[in-house]
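Architecture at a glance
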Amino acid sequence: MKRTQLLKISFLSALLSLPLPSAHTSAAADTGTQPLPPLMGEAAAIAGVLAGENLPHLKFDPTSYTDETLIVGGQAVAFRAYRDIPYAVHPRNAAHQRMSIFIPAAYFSGGTVNGYTAKTAPIFLPNGVGGYMPGDILAPAVKGTEANASLTALMRGLVVAAPAIRGRTDVNADGVYVGKAPALIVDYKAAVRFLRYNATLLPAGNTERIISNGTSAGGALSALLGATGNSRDYDEELADIAAAPGRDDIYAASCYCPITDLEHADMAYEWSFAGVNDYHQGGGQMHPPVPPTSNAAQGVVTNRPANAPMESAAATPMTSDAVAASARLKALFPAYLNGLGLRDASGTLMQLNADGTGSFADYIKGIYRASAQRAVDAKMPLDGANWFTVKDGKVTDVDLAKYAVWVTRLKSAPAFDRFDRSSGENDVFGTETNVPRHFTDFSRQYDTAHGDLAPDMDIRRMNPMNYIGMAGVRTAPHFRIRHGAKDRDTSMAIPAILALRLARTGSDVNFSAPWGQGHGGDYDLKELFDWIDYICK
């Protein structure tokens, strides 16, 4: 039984045991118009916790800090660091329910950075989640000779609030797995609430300009945070960890290659890759990423983000069952897409025919065409791409089937909800005893071990598509979504659908497919922070 349920039972018991004055116990004469007596003792204390009051442990301490400096490119970047701050009173895993806050040193002497002041500086909220694994605090750092995203944010005048977040492998002292869905988004929301709860105590940072950032599953989490602002669907879990009361909507979300819309991602993947019947995914996860010089003899592809599926340079043929599943899943995708009622910026209805062609396919071609055009204009390497044609310097046509062969298939079918429940996504929807579960009816029916389906509410709460445009939910007004032209960890259709839905419901969406880019994030930090300046200034 969850802590909030126990509190509610105790609260009701204490409430029912309260002595009522005679005015409230007299027979028929009273119709209930007199006020109830004030709560006292245990009932008052429990009511305070349930209401989010009396949370002294969530008060930001402005005196607990270190002054630090990092050198990048010969430039000294000075900042004040407030490290390892709990953002929940009752964490289920204290190591991954904390955050660090970093503030440019100039703000403590009344200075400005990049036109921002202590009062106006946006708050950059990066998460380190990948593969739905636990995400560590992304502190400012120098990688080789380059500043990471958090350090770049400080250099551009942003305050950085970097939370650690529970993930699917987190286990508490009792052996309970406490990072399964929806724990990751609950923690991200708790971090936002902490910032707003302490808005008057923070030395710098505008809590109405919070901007999330993440890659892969972390990109999905960033999109989910942006899409689900103030939704009541997460209230019980937030109360269970005693997160701060208040709002958890944000101003903007930066989403690199989001692995999202999981209950439809298998269909989308086969719409893109059916007919390519060998795949390159290897076994296990990369944690940490494989160094570029190691495992070359084994043919391991090394330019993969942390916790992404391992990739082999050699292809593996799909089984006959996987090929059959691919065809069935591809056939299911048009009905899903057509039911969304999406329209592009010109108002054209996005539809697919039974064979997978249609206006939505043309829209996806347009995304790849724009990416290829940028490559042609910039005289970038084209890597033997034979799936588009160029006439007089203009990319005139795109062949999606040839594209799929060129880029290669990473994952066998089903790509996400595997029949044997062996994917990271099956794991994140698993039980607290670490039994993985399905999240689609399609895969469950082909599971020879008859594995369970995750609860509908858990599946729902991990998909931003379920909340965009929903009454009572505040979706972020700004999104930046990037999916590389060589990324095949999920179908291009998935981020495109997300972008179309967001734009149609009023969000400002900056969406593109960078040429030559595979699965990864934070590769265009100048452009990312230029975009942040554009939406914040």
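Provided above is the structure to which this section pertains.
Procedures and definitions
- Residues numbered from 1 in each chain as written.
- Predicted model: local features only at pLDDT ≥ 70, side-chain atom pairs only at ≥ 80, totals over all residues.
- Heavy atoms only, no water.
- Helix = DSSP H or I, 4+ residues; strand = E, 2+ residues; numbered from the N terminus.
- Buried < 20%, exposed > 50% of the residue type's maximum accessible area, 1.4 Å probe, protein only.
- Contact = heavy atoms within 4.5 Å.
- Phe/Tyr/Trp six-rings, centres within 6.5 Å; stacked < 30°, edge-to-face > 60°.
- Pairing = 2+ DSSP bridges.
- Axes fitted to C-alpha atoms, helices over the stretch in contact; angles between N-to-C directions.
- Parallel < 35°, antiparallel > 145°, perpendicular 65-115°, else oblique.
- Left-handed = near helix turned anticlockwise from the far one by under 90°.
- Nonpolar A, V, L, I, M, F, W, Y, C, P; charged D, E, K, R; others polar.
- Expected span 1.5 Å × (residues − 1).
- Core = buried A, V, L, I, M, F, W, Y, C linked by side-chain atoms within 4.5 Å.
- Salt bridge = Lys/Arg side-chain N within 4 Å of Asp/Glu carboxyl O.
- Polar contact = N/O pair within 3.5 Å; in protein donor to acceptor, adjacent residues only side chain to side chain.

Remarks on the side chain of Ser 512
Looking at the secondary structure, you find Ser 512 in strand 16 (residues 508–512). Residue Ser 512 is classed as buried on the basis of its relative accessible area of 17%. If we skip the residues at most four places from it in the chain, Ser 512 touches Arg 374, Ile 481, Arg 482 and His 483.

Details of the packing of aromatic side chains
Within the structure shown, the criterion is met by 26 aromatic pairs. On the basis of an interplanar angle of 85 degrees and a centroid distance of 6.2 Å, the ring pair of Tyr 269 and Phe 416 is categorised as edge-to-face. Highlighted residues: Tyr 269 in helix 8 (residues 262–273) and Phe 416 in the loop between helix 11 (400–407) and helix 12 (424–428), separated in sequence by 147 residues. Across this residue pair, the class does not change: Tyr 269 and Phe 416 are buried. Measuring from centroid to centroid gives 5.6 Å for Trp 271 and Phe 333, while their planes differ by 40 degrees, and the two rings are tilted. With Trp 271 in helix 8 and Phe 333 in helix 9 (residues 320–340), this residue pair connects regions lying 62 residues apart in the sequence. With relative accessibility at 0%, the residue Phe 333 sits in the buried group.

Some remarks on the sheet that holds strand 7 (residues 159–163)
Judged by pairing direction, the sheet is mixed, and its nine strands sit side by side in the order 1-2-3-7-4-8-9-15-16 without closing on themselves. Each having just a single partner strand, strand 1 (66–72) and strand 16 make up the two edges of the open sheet. Here the average twist between neighbouring strands, direction ignored, is 20 degrees. Relative to strand 16, strand 15 (residues 478–482) is paired through five bridges, and the arrangement is parallel. Each residue of the ladder has a partner; that of Arg 482, found in strand 16, is Ser 512. Contacts between helix 6 (residues 217–227) and the sheet are confined to strand 4 (123–126), strand 8 (210–215), strand 9 (252–256) and strand 15, with strand 8 contributing the most and set at about 150 degrees to the helix.

Considerations on the packing of helix 9 against helix 15 (residues 493–504)
With their axes 11 Å apart at the nearest point, helix 9 and helix 15 run at an angle of 15 degrees to one another. By the criterion of interaxial angle, the relationship of helix 9 to helix 15 is roughly parallel. Remark: the crossing between helix 9 and helix 15 carries left-handed chirality. Across the interface between the two elements, Phe 333, Tyr 336, Leu 337 and Leu 340 of helix 9 pack against Ala 493, Ile 497 and Arg 501 of helix 15. A breakdown of the residues in the contact of helix 9 with helix 15 according to their chemical character gives six nonpolar, no polar and one charged.

Side note on the pairing of strand 8
Among the six residues of strand 8, six are classified as buried, and the element is accordingly described as predominantly covered. Burial along strand 8 is two-sided: the residues Ile 210, Ser 212 and Gly 214 and Ile 211, Asn 213 and Thr 215 are all buried. The sheet contact formed by strand 8 and strand 9 spans five bridges and is parallel. Opposite Gly 214, over in strand 9, you have Cys 255 as the bridge partner.

Regarding helix 9
In a regular helix each residue adds 1.5 Å, so 21 residues correspond to 30 Å; helix 9 covers 32 Å between its end C-alpha atoms and thus fits that length. Among the residues of helix 9, those classed as buried are Ala 322, Ala 325, Ser 326, Leu 329, Phe 333, Pro 334, Tyr 336, Leu 337 and Leu 340. Buried residues along helix 9 sit against helix 8, helix 10 (359–377), helix 13 (441–445) and helix 15. Backbone geometry just after helix 9 places Gly 341 at a positive phi near 65 degrees.

A short note on helix 15
Owing to its 3.6 residues per turn, the α-helix aligns residues three or four sequence positions apart on the same side. Compared with an ideal rise of 1.5 Å per residue, which puts twelve residues at 16 Å, helix 15 spans 16 Å between its outermost C-alpha atoms and is within 8% of the ideal. Among the twelve residues in helix 15, ten count as buried, and that is most of the element. For helix 15, the complete set of buried residues consists of Ala 493, Ile 494, Pro 495, Ala 496, Ile 497, Leu 498, Ala 499, Leu 500, Arg 501 and Leu 502. Gly 506 sits one or two positions beyond helix 15 and adopts a positive phi of about 110 degrees.

Digging into the nonpolar core
Core analysis: the biggest nonpolar cluster contains 147 residues, and Ile 101, Leu 195, Phe 333 and Phe 360 have the highest contact counts within it. A per-element tally of this core places helix 5 (residues 183–197) first, with nine residues. The residues touching Ile 101, leaving out its near neighbours within four places in the chain, are Phe 60, Arg 80, Ala 81, Tyr 82, Ile 85, Val 159, Val 160, Ala 161, Phe 194, Leu 195 and Leu 202.

Details of the pattern of salt bridges
Going through the model one piece at a time under the given rule, you end up with 27 salt bridges. The shortest N-O distance in the salt bridge between Asp 530 and Arg 156 comes to 2.7 Å. Residue Asp 530 is located in helix 16 (residues 525–536), and its partner Arg 156 is located in the loop between helix 4 (149–155) and strand 7; the two are separated by 374 residues in the primary sequence. Among the salt bridges present, the one from Arg 232 reaches Asp 235, with a minimum N-O distance of 2.2 Å. By relative accessible area, Asp 235 is classed as partly exposed at 23%. Look at the salt bridges and you will find they share partners, linking Lys 189, Arg 193, Arg 232, Asp 235 and Asp 248 into a network.

Observations concerning the pairing of strand 9
Burial runs high along strand 9: five of the five residues are buried. By the alternation rule, side chains of strand 9 split into Ala 252, Ser 254 and Tyr 256 and Ala 253 and Cys 255, which are all buried.

Quick notes on the side chain of Arg 488
The topology assignment puts Arg 488 in the loop between strand 15 and helix 15. Look at Arg 488 and you get buried, because its relative accessible area is 7%. Within polar-contact distance, the side chain of Arg 488 engages the side chain of Glu 311 at 2.7 Å. Not counting residues within four places of it along the chain, the set of residues in contact with Arg 488 comprises Tyr 269, Phe 273, His 280, Glu 311, Val 407, Thr 408, Arg 409 and Leu 410.

Function cannot be read off these values alone, since they describe shape.
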